[in-house]
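Descriptive structure summary
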Amino acid sequence: MDCLRVNATTSKCFVPFLFLSLIAGCAARPFYPLPSKTSNENRQPIQTSRPYNIAHRGSNGEIPEETAAAYMRAIEEGADFIETDILSSKDGVLICFHDVTLDETTDVTKHKDFANRKRTYEVQGVNTTGFFTVDFTLEELKKLRVKQRYIFRDQQYNGKFPIITFEEFISIALDAPRVVGIYPEIKNPVFINQRVKWPDGKRFEDKFVETLKKYGYRGSYMSKDWFKQPLFIQSFAPTSLVYISNLTDSPKIFLIDDVTIPTQDTNQSYWEITSDDYLDFIKEYVVGIGPWKDTVVPVKDDYLQTPTDLVARAHSHNLQVHPYTYRDENVFLHFNFHQDAYQEYDYWLTKIGVDGLFTDFTGSLHKFQEWTSPLSQNDGSDKGSASKLLDKIELLITSYKNG
C-alpha cells in the first residue's frame, strides 16, 4: 500500500507499519498507547477549502468497520475526518461500535461461554433480540473479533481485529502524521442511558464529553482550538445535542433519518425536523445537519427524482449539510450514475452543493477531489495534465462498460 503523504516533498509509512503490526498482534491490550504522546507541532493542518471527506466507520469498504485498521487505512487514503459510533459496555466503558447488538459484525455466536447472553430489549420502539453490548464488560468484548458487514466485500480480514474503545480511537487520530479530525456519534443515547448506570448520576452524554475534554477536544468551529484538534459531534437525538451544548462548545451535527422514522427521543417527524422553524431552532445548538442522502434527493425505482430544497434551506440558516452514506458498489449506486461512483460524487458536490460526504470508500472520494481540484487542473503542472488524462480514461472505461 502507498505511504501517507504528509506534504509535497515528504512522506511517511507510519500508518501501513501500524496496520501490519495490528494484523500480527491485535489481541494485546492496550494495542495502542494511551494517551497519545505525539505532538501536534509541524503537522499538515486539516483542509477547509473543499467539502470534507468523512471516513464512515473508517475505510470500511475495504476493512471491517470501526476497527483500528479501518481508521488507519482511511487516514492513509486522505480522510479529513474519521467517523465512529459510540456505545457503552456493561461496565461503562465507551466503545466504537455501530449496532447495539453484536450479532451482525462480530463472532459472538462462536463463543459458547456467551451463549446465555442473548436478550430481547426495546430499542427505538422495536423489540430487538440479540447479544447486546450493554450485557458485556469491556474485557469480554475484547475477546470478540469483528467481521465485514456485507458479504460482497472483502472477507479476508474477518476475525483479525478487536472492538476498540473511544480512547483508542482518539489516539489513532492524534497520532496521525497530519491533523485528522474525529466525528463521533452519540449512538442510541436513550437506550444506553436506560441500561448503563454511571456513578454520581452521570449520563452517557457526560461520559462522552468528559472523554473528549480529557484529550484536549474543545473550541467552536474554526477556532484555534478546533483547528488544532478538529471535531464534529453528531447524533440523531436532538435532546442529547441540546444537553451536550451546555457541556462543550465543540461543533455539533444533527443527523436526520428516513422520512418514515421519527426522532428516537422526541418522536418528531421528518417533516417537522426539516421545517424552517425547526432549522431556525436547532441552529442555536448545531452547525449543520447530516441527512440520509435519499431524503435530500428522493429515489423511485432506483432513479433519482427532483432534488428537494433541503440543502438550500439549510444553507440559508447558515447550516452545513453532510449527507450519508456514499458507497462505490453497484448495489448502492442509483441507475443515474451508470455504475460510476465518480459520477455520484460529482453530482452531490457540484449540483447539490453539500459541505461534506460520509463515505465507505475514503480513497475513491479523495482521488476524485484531487483530480477535479481547480488547483490541480489550472496550475499548468504535470499533476493537472495527469488529472485531465485520468478523467478521460475514466470516461472511456465507463463508456466501454455501458456499451
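For the structure given in this document, a descriptive report is provided here. Values in this document were obtained by computation on a predicted structure and should not be read as measured data.

Moving on, we come to the overall build of the protein chain. What the protein chain contains, in helices and strands, is 16 helices and 16 strands. Taken over 403 residues, the protein chain has a buried fraction of 55%. Residue pairs at least 24 apart in sequence account for 69% of intrachain contacts in the protein chain once pairs closer than 6 positions are excluded. Split by element, the accessible area of the protein chain, about 18100 Å² in all, is 51% carbon and sulfur.

What follows is about the pattern of salt bridges. One pass over the structure, following the stated rule, counts 24 salt bridges. Of the charged contacts, one joins Glu167 and Lys214 as a salt bridge, the two residues approaching to 2.6 Å between their closest N and O atoms. Separated by 47 residues along the polypeptide, Glu167 in helix α4 (residues 166-174) and Lys214 in helix α6 (residues 204-214) bring together distant segments of the chain. The shortest N-O distance in the salt bridge between Asp360 and Arg327 comes to 2.7 Å. With Asp360 in the loop between β16 (356-359) and α14 (362-372) and Arg327 in the loop between β15 (320-321) and α13 (341-352), the pair connects residues that are 33 residues apart, well separated along the chain. The pair formed by Asp360 and Arg327 is uniform in burial state, with each residue classed as buried.

With that out of the way, let us pick up the nonpolar core. The nonpolar side chains of soluble globular proteins are, as a tendency, buried together. Membership of the largest hydrophobic core comes to 53 residues, with the highest contact counts inside it found for Ile82 and Phe208. Apart from residues no more than four positions distant in its own chain, Phe208 is found in contact with Ile86, Leu94, Phe166, Pro184, Ile186, Ile233 and Ile244. Counting residues in hydrophobic clusters, the runner-up holds 33 residues, among them Leu319, Phe337, Trp348 and Ile352.

With that settled, consider helix α2 (residues 68-77). Taken across its 10 residues, α2 has 10 buried, putting it largely inside the fold. Within the sequence span of α2, burial applies to Ala68, Ala69, Ala70, Tyr71, Met72, Arg73, Ala74, Ile75, Glu76 and Glu77. Just past α2, the residue Gly78 takes up positive phi, approximately 110°.

A word on the pairing of strand β12 (residues 288-291). What you see with β12 is no split at all: Gly288 and Gly290 on one side and Ile289 and Pro291 on the other are buried throughout. Bridge analysis of strand β11 (residues 252-256) against β12 gives 4 bridges, and the strand direction is parallel. Residue pairing for β12: Ile256 is matched across the bridge by Pro291.

Following both chains from N to C, one finds α13 and α14 inclined at 65°, their axes separated by 10 Å at the closest point. The chirality of how α13 crosses α14 is right-handed. Contacts between α13 and α14 involve Tyr342, Tyr345, Asp346 and Leu349 from the former and Ser364, Leu365, Lys367, Phe368, Gln369 and Trp371 from the latter. A class-by-class count of the residues in the contact of α13 with α14 yields 6 nonpolar, 2 polar and 2 charged.

With that out of the way, let us pick up the layout of surface pockets. Each pocket or cavity is described by its volume, and for the second largest pocket that value is around 910 Å³. Around the second largest pocket, the lining is made up of 38 residues, and of these Arg57, His98, Lys187, Phe236 and Asp257 lie nearest the centre. Elements with a contribution of two residues or more to the lining of the second largest pocket: β4 (81-88), β7 (126-130), β11, α9 (270-273) and α11 (293-296). Its residues placed into classes, the lining of the second largest pocket shows 15 nonpolar, 11 polar and 12 charged.

We now examine unusual backbone geometry. A cis amide bond links Tyr324 with the next residue in sequence, Thr325, at an omega value of -15°. Mapped onto the fold, Thr325 is located in the loop between β15 and α13. In this structure, Glu66 takes a positive phi of about 60° despite not being glycine. Counting through the fold element by element, Glu66 comes out in the loop between β3 (52-55) and α2. With relative accessibility at 3%, the residue Glu66 sits in the buried group. A positive phi angle, near 45°, is found at Asn188, a position not held by glycine. The class of Asn188 is buried, set by a relative accessible area of 7%.

Here we come to the side chain of Glu83. Of note, Glu83 is situated in strand β4. The buried charged residue Glu83 lacks any salt bridge partner; its closest oppositely charged side chain belongs to Arg57, at an N-O distance of 5.1 Å. What Glu83 contacts, discounting residues up to four positions off in sequence, is Ile54, Ala55, His56, Arg57, Gly58, Tyr71, Phe169, Tyr183, Glu185, Gln234 and Phe358.

Pairs of aromatic rings are described using the distance from one ring centre to the other and the angle between the two planes. One pass over the full model with this rule turns up 37 aromatic pairs. Aromatic side chains Tyr150 and Phe152 sit 5.3 Å apart centroid to centroid with 20° between the ring planes, which places their arrangement in the stacked category. An angle of 65° between the planes, with centres 5.0 Å apart, marks the rings of Tyr183 and Phe358 as edge-to-face. On the criterion of sequence distance, the pair formed by Tyr183 in strand β9 (residues 181-186) and Phe358 in strand β16 is long-range, its members being 175 residues apart. No difference in accessibility class separates Tyr183 from Phe358, as the two residues are buried. Taken together through their ring pairs, the aromatic side chains of Tyr52, Phe81, Tyr183, Tyr221, Trp226, Phe227, Phe232, Phe236, Tyr324 and Phe358 make up a single cluster. Over the ring of Phe136 we find Arg117; its NZ or CZ atom is 5.0 Å from the centre of that ring.

Burial analysis of β9 places 6 of its 6 residues in the buried class, the great majority of the element. Judged by which residues are buried, β9 turns out to be covered on both faces: Gly181, Tyr183 and Glu185 on one side and Ile182, Pro184 and Ile186 on the other are all buried. The sheet contact formed by β4 and β9 spans 6 bridges and is parallel. By the bridge assignment, Thr84 is partnered in β9 with Pro184.

The rules behind the values
- Residues numbered from 1 in each chain as written.
- Predicted model: local features only at pLDDT ≥ 70, side-chain atom pairs only at ≥ 80, totals over all residues.
- Heavy atoms only, no water.
- Helix = DSSP H or I, 4+ residues; strand = E, 2+ residues; numbered from the N terminus.
- Buried < 20%, exposed > 50% of the residue type's maximum accessible area, 1.4 Å probe, protein only.
- Contact = heavy atoms within 4.5 Å.
- Areas by Shrake-Rupley, 256 points an atom, 1.4 Å probe, with all protein chains shown as cover.
- Salt bridge = Lys/Arg side-chain N within 4 Å of Asp/Glu carboxyl O.
- Core = buried A, V, L, I, M, F, W, Y, C linked by side-chain atoms within 4.5 Å.
- Pairing = 2+ DSSP bridges.
- Axes fitted to C-alpha atoms, helices over the stretch in contact; angles between N-to-C directions.
- Left-handed = near helix turned anticlockwise from the far one by under 90°.
- Nonpolar A, V, L, I, M, F, W, Y, C, P; charged D, E, K, R; others polar.
- 1 Å grid on protein atoms, 1.4 Å probe; cavity = no way out; pocket = protein on both sides within 12 Å on 5 of 7 lines; lining within 4 Å.
- Points joined across faces, edges and corners; volume = space filled by probe spheres on them.
- Lys, Arg positive; Asp, Glu negative; His and termini not counted.
- Phe/Tyr/Trp six-rings, centres within 6.5 Å; stacked < 30°, edge-to-face > 60°.
- Lys NZ or Arg CZ within 6 Å of the ring centre and 35° of its normal.

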